[in-house]
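# Coordinate analysis (summary)
Next come the chains, spelled out residue by residue.
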Amino acid sequence: MSTVASIAMRYSDQQMMTRAVGGEKQSFEQIVHRYHRPVTKFIYRMVNDYETALDLTQEVFLKVYTALDKYDERYKFTTWLFKIASNHTIDYLRRQHGELSLDALKDEPHEGLLEAISHEPSPEQQTIFNQRRALIEQAIAQLPVPYRQIIILRHVAELEYEEIAQVTGLPMGTVKNRLFRAREAIRQKIIQLGIDGIE
């Protein structure tokens, strides 16, 4: 294990940020070590291109470094980090594709969203599950960006609703509504492909 990795395991995000803000270069390296993969994963799911995700991740951490003095320790570090990552990615997508709009999705609630398999699958079930997972990921990639952003923050970055609201600047009700609509759009897409759930 590298020195950076071993030190990163001993300190909390807040402690490393305090040291980084104080000018300790190694602490910032620890932050990058801890969050490079989660940020890259989030961005990749937004842009669907790994090389672009790596480039954008590097740019995000450069922004974080130049904004260290603006970090407010009253807020959770991951919320601040993903807000920078999310805004930077949205800006990139706007430059590539123009204004990002919300497609009209149904307002009616539906039951029966896909659930994870709770038992140990057989090889055949695992193959089917992997195929369905790929279809779900494809459906997520086809969501309008504002919905894709919400569902990835929730299910990939694993942020709480309150954190998503802080990252996006949206009211809590809007976050929950968009998350519901995103899930429903995915469910409808899977149904269109002839799959009505995971047994």
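About the thresholds
- Throughout this description, residue numbers start from 1 for each chain and increase along the sequence as written.
- Only residues with pLDDT of at least 70 get local features here, since the model is predicted, and only at 80 or more are side-chain atom pairs given and counted; chain-wide, interface and lining totals rely on the full set of residues.
- Based on all heavy atoms of the structure, the side-chain values leave hydrogens and waters out of the count.
- A pair of aromatic rings is counted whenever rings of Phe, Tyr or Trp (Trp by its six-membered ring) have centres within 6.5 Å, and the orientation is called stacked for planes under 30 degrees apart, edge-to-face for over 60 and tilted otherwise.
- Only protein chains enter the accessibility calculation, which uses a 1.4 Å probe. A residue is then buried if its area is under 20% of the maximum for its type, exposed if over 50%, and partly exposed in between.
- Put simply, DSSP H or I for four residues or longer makes a helix, DSSP E for two residues or longer makes a strand, and each gets a number counted from the N terminus.
- Charge over a ring is defined by NZ of Lys or CZ of Arg lying within 6 Å of the ring centre and within 35 degrees of the ring normal.
- The patches described consist of residues with a relative accessible area above 30% and no salt bridge, like charges being joined within 9 Å and nonpolar side chains (Val, Leu, Ile, Met, Phe, Trp, Tyr) within 5 Å.
- Residue exposure ignores everything except the shown protein chains as possible cover, and the areas themselves are Shrake-Rupley values with a 1.4 Å probe.
- For this document, the term salt bridge refers to a Lys or Arg side-chain nitrogen within 4 Å of an Asp or Glu carboxyl oxygen.
- In this charge count, Lys and Arg are treated as positive and Asp and Glu as negative; neither His nor the chain ends contribute.
- We put the charge of a Lys on NZ, of an Arg on CZ, of an Asp on CG and of a Glu on CD.

Inspection of every chain in the model, using the stated rule, returns seven aromatic pairs. Plain terms: the ring middles of Y71 and W80 are 5.1 Å apart, the flat faces sit at 55 degrees to each other, and that makes the pair tilted. Comparing Y71 with W80, the two get one shared label, buried. An angle of 50 degrees between the planes, with centres 6.1 Å apart, marks the rings of F77 and W80 as tilted. Residue F77 and its partner W80 are located together in helix α5 (residues 77-97), separated by three residues, close to a single helical turn. With respect to class, F77 is no different from W80; both count as buried. The structure contains a cluster of three or more aromatic residues connected by ring pairs, namely Y35, Y71, F77 and W80. Over the face of the ring belonging to Y161 we find R154, whose NZ or CZ atom lies 4.9 Å from the ring centre. Just above the ring of Y161 sits the side chain of K176; from NZ or CZ to the centre is 5.6 Å.

Attention now moves to a negative patch on the surface. On the surface, a cluster of negative charge is contributed by D49, E51, D55 and E59. Turning to its location among the elements, D49 is positioned in the loop between α3 (25-47) and α4 (50-66).

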